[in-house]
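# Commentary on secondary and tertiary structure
Chain by chain, the residues:
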Amino acid sequence: MAKIPTSRVDRLLSSMGYGSRSEMARLAKAGGITLDAADLLDVSKRIPVTPDLPTRMEIDGEALDPVAGMVILLNKPLGMTCSHKEGGALVYDILPARWRRRDPAISTIGRLDKQTTGLLLLTDDGDLLHRVISPKRHVKKTYRAKLARPLDGTEGDLFALGDLRLEGETKPLAPAELEVVSETEALLSVTEGRYHQVRRMFAATGNHVEELHRERLGGLSLPEGMAPGQWKLLSDEEIALIFQ
Ligand code: URA
């Protein structure tokens, strides 16, 4: 059985972005930290860090944030970026501010362009992140693309062949699946995550993607009715769907 990690309370809360260890000591003295409904006064106490801790611990009267190992599903809005390098509003700004101070840090699992919307995962679990983006896992990503010009009917075969080379690249793309929705709309499923891949695939056919939205990652779909900017934590069962 896996060993349950333990941590000093001050170190744990500080790593979760609540404040410095001395701030946590002051908060505890003021009665701001409870465990199992009793005041926790000594922040040097070691406690087991179990996933149920948020149901047992309160900080300033509010349930503790999720402990490390969380996976967040976000419906990424248009115009927000996944990378600090790009500038502009970041997807991280949507999450609670103290989560930016968490250690281990929360990162996006792969990226979506500024102008792409839809299913984006974020996690503080580095192993999971690598498993999802690893080319060996072939996790399928499904995008809905709205196109500037009508499809000409040859795109599906071209993408399925697995020998399409994107401009400036020598390695051919892995086979991808196209499902035509209408003359100017299609669902495209790819297993790689190359730079601007879907836009460049349609550009290679002489078309132009006007709107791009990610609907699925493996067997995990964006929940119906989830508005842009909304997010939720995934359960273990939902995380397992990614690899189905
Ligand atoms: N392909 C793109 O072109 N953009 C994305 O954001 C994702 C895949």
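Shown above is the structure to which this text applies.
Computed from a predicted structure; not experimentally measured.

### A word on the overall build of the protein chain
Along the protein chain, the regular secondary structure elements total seven helices and 15 strands. Based on the C-alpha atoms only, the size of the protein chain along its principal axes is roughly 70 × 40 × 35 Å. Of all 244 residues assigned to the protein chain, the portion counted as buried reaches 42%. Contacts in the protein chain between residues far apart in sequence, at least 24 positions, make up 63% of those at least 6 positions apart. Carbon together with sulfur atoms contributes 51% to the accessible area of the protein chain, which is approximately 13200 Å² in total. Positive and negative charge centroids in the protein chain, built from 33 and 35 side chains respectively, lie 7 Å apart.

### Some words on unusual backbone geometry
Cis geometry marks the peptide bond from Asp-103 to Pro-104; its omega dihedral reads 5 degrees. Structurally, Pro-104 is set in the loop between β7 (71–76) and β8 (107–108). Positioned with a positive phi, His-196 is a non-glycine residue whose angle comes to about 50 degrees. Tracing the sequence through the fold places His-196 in the loop between β12 (185–190) and α6 (197–203).

Analysis parameters
- Residues numbered from 1 in each chain as written.
- Predicted model: local features only at pLDDT ≥ 70, side-chain atom pairs only at ≥ 80, totals over all residues.
- Heavy atoms only, no water.
- Helix = DSSP H or I, 4+ residues; strand = E, 2+ residues; numbered from the N terminus.
- Buried < 20%, exposed > 50% of the residue type's maximum accessible area, 1.4 Å probe, protein only.
- Contact = heavy atoms within 4.5 Å.
- Areas by Shrake-Rupley, 256 points an atom, 1.4 Å probe, with all protein chains shown as cover.
- Lys, Arg positive; Asp, Glu negative; His and termini not counted.
- Charge placed at Lys NZ, Arg CZ, Asp CG, Glu CD.

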